[in-house]
Amino acid sequence: MIADFNNRRAAIRAGVIAAATESGGSALIEDALLDEVTALVEWPVPIAGRFEQRFLALPREVVIATVQDHQRYFPVEAPMGH
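Rules behind the numbers
Residues numbered from 1 in each chain as written. Predicted model: local features only at pLDDT ≥ 70, side-chain atom pairs only at ≥ 80, totals over all residues. Heavy atoms only, no water. Helix = DSSP H or I, 4+ residues; strand = E, 2+ residues; numbered from the N terminus. Rg over C-alpha atoms; globule rule 2.2 N^0.38 Å. Buried < 20%, exposed > 50% of the residue type's maximum accessible area, 1.4 Å probe, protein only. Contact = heavy atoms within 4.5 Å. Areas by Shrake-Rupley, 256 points an atom, 1.4 Å probe, with all protein chains shown as cover. 1 Å grid on protein atoms, 1.4 Å probe; cavity = no way out; pocket = protein on both sides within 12 Å on 5 of 7 lines; lining within 4 Å. Points joined across faces, edges and corners; volume = space filled by probe spheres on them.

Asker: I keep staring at the overall build of the chain and nothing clicks. Help me out?
Answerer: Per the secondary structure count, the chain includes 3 helices and 2 strands. Starting at the N terminus and ending at the C terminus, the chain contains elements arranged as α-β-α-α-β. In terms of overall dimensions, the chain is globule-like: its C-alpha atoms have a radius of gyration of 13 Å, near the 12 Å expected for 82 residues. Viewed in the frame of its principal axes, the chain has a C-alpha envelope of about 40 × 25 × 20 Å. The buried share of the chain, taken over its 82 residues, is 24%. Contacts in the chain between residues at least 24 apart in sequence constitute 73% of all its contacts with a sequence separation of at least 6. Accessible surface, the chain as shown: approximately 5900 Å² in total, 57% of it carbon and sulfur.

Asker: It is not clear to me how unusual backbone geometry should be interpreted in this structure. Could you clarify?
Answerer: Apart from glycine, the bulk of residues carry a negative phi angle, and the bulk of peptide bonds sit in the trans form. Even without a glycine there, the phi angle at Arg72 is positive, about 65 degrees. If you trace the backbone, Arg72 turns up in the loop between helix H3 (60-70) and strand E2 (76-77). Overall, the relative accessible area of 34% leaves Arg72 in the partly exposed class.

Asker: Is there a simple way to think about the layout of surface pockets in this case?
Answerer: Empty space among the atoms becomes apparent when a probe as large as a water molecule is rolled across them. By volume, the largest pocket amounts to about 1200 Å³. Together, 34 residues line the largest pocket, and Gly49, Phe51, Phe74, Pro75 and Val76 are the ones closest to its centre. Looking at the lining of the largest pocket, the elements with two or more residues in it are helix H1 (5-22), H3 and E2.

Nothing here speaks to function; it is all geometry.
Now the structure itself:
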């Protein structure tokens, strides 16, 4: 457990960035979502996931809003911004 909020927040940010980089992209980290996730977990373990490619046919804003607002995920953007 990481009791200190700021230390936990930093660990989450670093883990999300590392997972995104390992996946070949860059994480889109909004401060409000980072704060919310930090308050929800005691021991952060960021992992990278994927979903079916066909869902990426939706507008970028729809995909990002869905994963951030409904799933509390940090979206990862491909190098070319897709």
